[in-house]
Amino acid sequence: MQAEKELIAGAAASLVPSGTAIAISAGTTTYALAKRLTDIPGLTVLTNSVPVAEVLYKDGRPDQTVILSGGVRTPSDALVGPFAVAVIRSLHVDSVFMGSHGMDLRSGFTTPNILEAETNRALIEAGRRLVVLADSTKWGTIGISSVARLEEADTIVTDSGLDATARQQLSAAVRRLILVDVATSGVQTIEGEDGSAVGPGELGGNGVSKGSTASQLPSQPHRRYNALSDEWLLVSAERTSRPWLGRQETPPPQDLPAYDPSCYLCPGNVRANGERNPEYDSTFVFTNDFAALQPDTPLVTIEDGLLRAKSERGTCKVICFSPRHDLSLSRMNATQARTVVDLWATQTASLGEQFPWVQVFENRGAPMGASNPTRTVRSGRRHPAARGGEGGRDPVPPFRRDRSQAPARLCRTGGGRRQGPGKR
Ligand SMILES: [Zn+2]
């Protein structure tokens, strides 16, 4: 089983980002994990295992922090008892990496050592997500003392010796099942059976419903998280059972002509305000004839009881993506699409010099105010508070989305100044 343990430890080590705080329980597999964490920068490790603390202390980077729980030492070099529990309970970590003596559908994760079970439970409570490291021989083994239910684990890392039924049962219980293969050294990841635990659980996994519980939700009233706006929204699931299911729209015609003489936006045609479009052969930008924002709006503030208003300055531009009436972004080749994206970028840069907030968006279809199915609208807007200006409001939805996406963006790019959408 040593080869399995090493592979399991390797797969688990890949789940540890730098700069995080984790807990590691006592055990041979978790010791193998600790040996693989010595190079991870800025790691803080809380453990009740003397060997785990020792390997990180001796071989770990100088910027790592090791917290040994204290407590009474067992023959297996774990620290247990009230001292260990008291120290662990006073701390909070991101992920808890726990070995398990037994793993069973009904009994969950178990151990023969009652005091160690208590310490491990304290470790689990100190963390936001539980990762269990257990080779396939642990499946069906039951120790006298319960540590956690299977569903309490966010991730189980085990080996491909696990039979098909066990794989199915485990993947239904947890968000993620990771299987290492000794023959190939390959790693297979199985996400939770119906994917339902992915989402808010992704962020923490703490107390999140998993598996069958979440799969019942679509037919019941529930709240759902909108990650873009950082809001919880009520879902009235019963609505889909009502006889009135909403207005039916006929799909737009698919066989559009390359040129439409009655279109306001096609090359050479006259627009609603009487201006004639040039015979453009690539992209075409002009100021919206019916702009929602104007650069010369008089600055007025109204404070009249419940009525409070402030005028807003800005501009709105329209971009025609192509001279072809029938060519939408999704049907362009990469070179054509790149031309459009480059134009977004240059427009964003030039409008960004005049206005603190620039928003790029695409309008599709008549209900959205787009008179032509293949053209899109782009808008430069001024919102003083976006840069701490005159105290007006930010454009709430885009500002929220920008803020909600900021952490993910920092992860991908390694940092950078936040700017309005389209400026990245
Ligand atoms: Zn047209």
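In what follows, the structure referred to is the one given above.
Counting starts from 1 at the beginning of each chain's written sequence and moves along it residue by residue. Whole-chain, interface and lining totals are the exception, using all residues; otherwise, since this is a predicted model, local features are given only for residues with pLDDT of at least 70 and side-chain atom pairs are given and counted only at 80 or more. Only hydrogens and water are set aside when side-chain values are computed; all heavy atoms of the structure are taken into account.

Asks: Could you give me a rundown of the packing of helix 2 (residues 28–35) against helix 3 (residues 50–59), with the residues and numbers involved?
Replies: Every axis in this analysis is a line fitted to C-alpha atoms, fitted for helices over the stretch in contact. Angles between the N-to-C directions lie between 0 and 180 degrees. Going along the chain from the N terminus, every DSSP run of H or I of four or more residues is numbered as a helix, and every run of E of two or more is numbered as a strand. Running from amino to carboxyl end, helix 2 crosses helix 3 at an angle of 10 degrees, the nearest separation of the two axes being 9 Å. Taken as axis vectors, helix 2 and helix 3 run roughly parallel relative to one another. Listed contacts from helix 3 to Thr30, Tyr31, Ala34 and Lys35 of helix 2 are Pro51, Val52, Val55 and Leu56. When residues are sorted by character, Ala, Val, Leu, Ile, Met, Phe, Trp, Tyr, Cys and Pro go into the nonpolar class, Asp, Glu, Lys and Arg into the charged class, and all the rest, Gly among them, into the polar class. In terms of residue class, the contact of helix 2 with helix 3 is made up of six nonpolar, one polar and one charged. Orientation is classified from the angle alone, with under 35 degrees giving roughly parallel, over 145 giving roughly antiparallel, 65 to 115 giving roughly perpendicular, and any other angle giving oblique. Contacts are assigned to residue pairs with any non-hydrogen atoms lying within 4.5 Å of each other.

Asks: Let's hear about the packing of helix 4 (residues 82–89) against helix 5 (residues 114–126): which residues, and what values?
Replies: Contact geometry of helix 4 with helix 5 gives a least axis separation of 9 Å together with a crossing angle of 5 degrees. For the element pair helix 4 / helix 5, the angle class is roughly parallel. Seen from helix 4, the contacting residues are Ala84, Val85, Ile88 and Arg89; seen from helix 5, they are Glu118, Thr119, Ala122, Leu123, Glu125 and Ala126. Here the residues of the contact of helix 4 with helix 5 are counted per class, giving six nonpolar, one polar and three charged.

Asks: Lay out the nonpolar core with the relevant residues and their values.
Replies: In plain words, nonpolar cores are sets of buried Ala, Val, Leu, Ile, Met, Phe, Trp, Tyr and Cys residues tied together by side-chain atoms within 4.5 Å. A simple rule labels every residue: compare its accessible area, found with a 1.4 Å probe on the protein chains alone, to the largest value its type can have, and call it buried under 20%, exposed over 50%, or partly exposed in between. With 30 residues, the main nonpolar core has Met103, Phe109, Val132, Ile156 and Leu170 as its most contacted residues. Examining the composition of this core, we find that five residues originate from one element, helix 5, more than from any other. Aside from chain neighbours lying at most four places away, what touches Val132 is Met98, Ser100, Phe109, Ala153, Thr155, Ile156 and Val157. Counting 24 residues, the second-largest nonpolar core is a separate cluster that includes Ala9, Ile24, Val55 and Leu56.

Asks: Tell me about the pattern of salt bridges, residues and numbers included.
Replies: By salt bridge we mean one thing: a side-chain nitrogen of Lys or Arg within 4 Å of a carboxyl oxygen of Asp or Glu. Counted by the stated rule, this structure contains 13 salt bridges. In this structure, the salt-bridge partner of Arg73 is Asp77, at a minimum N-O distance of 2.6 Å. In this structure, Arg129 and Asp154 form a salt bridge, with 3.9 Å as the shortest nitrogen-oxygen distance. Placement of the pair is Arg129 in strand 9 (residues 127–133) and Asp154 in the loop between strand 10 (145–148) and strand 11 (155–159), with a sequence separation of 25 residues. Accessibility assignment for this pair places Arg129 and Asp154 in one class, buried. Via salt bridges that share partners, Arg129, Asp154 and Arg175 belong to a single interconnected network.

Asks: Describe in detail unusual backbone geometry, supporting the description with residues and values.
Replies: For Asp77, which is not glycine, the phi dihedral falls at a positive 65 degrees. One can find Asp77 in the loop between strand 4 (72–73) and strand 5 (79–80).

Asks: Report on the sheet that holds strand 3 (residues 65–68), specifying residues and quantitative values.
Replies: Only strands joined by at least two bridges in the DSSP assignment are considered to pair. Read across the sheet, eight strands follow the order 3-2-1-6-9-11-12-13 without closing on themselves; strand pairing throughout is mixed. In this open sheet, the two edge strands, each paired with only one partner strand, are strand 3 and strand 13 (187–191). In this sheet, adjacent strand axes meet at a mean angle of 20 degrees when their direction is disregarded. The pairing of strand 1 (residues 21–24) with strand 2 (residues 44–47) spans four bridges and is classified as parallel.

Asks: Explain the sheet that holds strand 8 (residues 108–111) to me, using residue names and the numbers behind them.
Replies: With antiparallel pairing, the three strands of this open sheet are ordered in space as 7-8-10. Looking along the sheet, the strands with just one partner apiece sit at the ends: strand 7 (102–104) and strand 10. Shown here is a sheet whose adjacent strand axes are inclined to one another by a mean of 35 degrees, direction ignored. Inspection of the sheet shows strand 8 paired to strand 10 by three bridges, in the antiparallel sense. Looking at the pairing, Thr111 lines up with Ser145 of strand 10. Helix 5 contacts strand 8 and strand 10 of the sheet and is inclined by roughly 10 degrees relative to strand 10.

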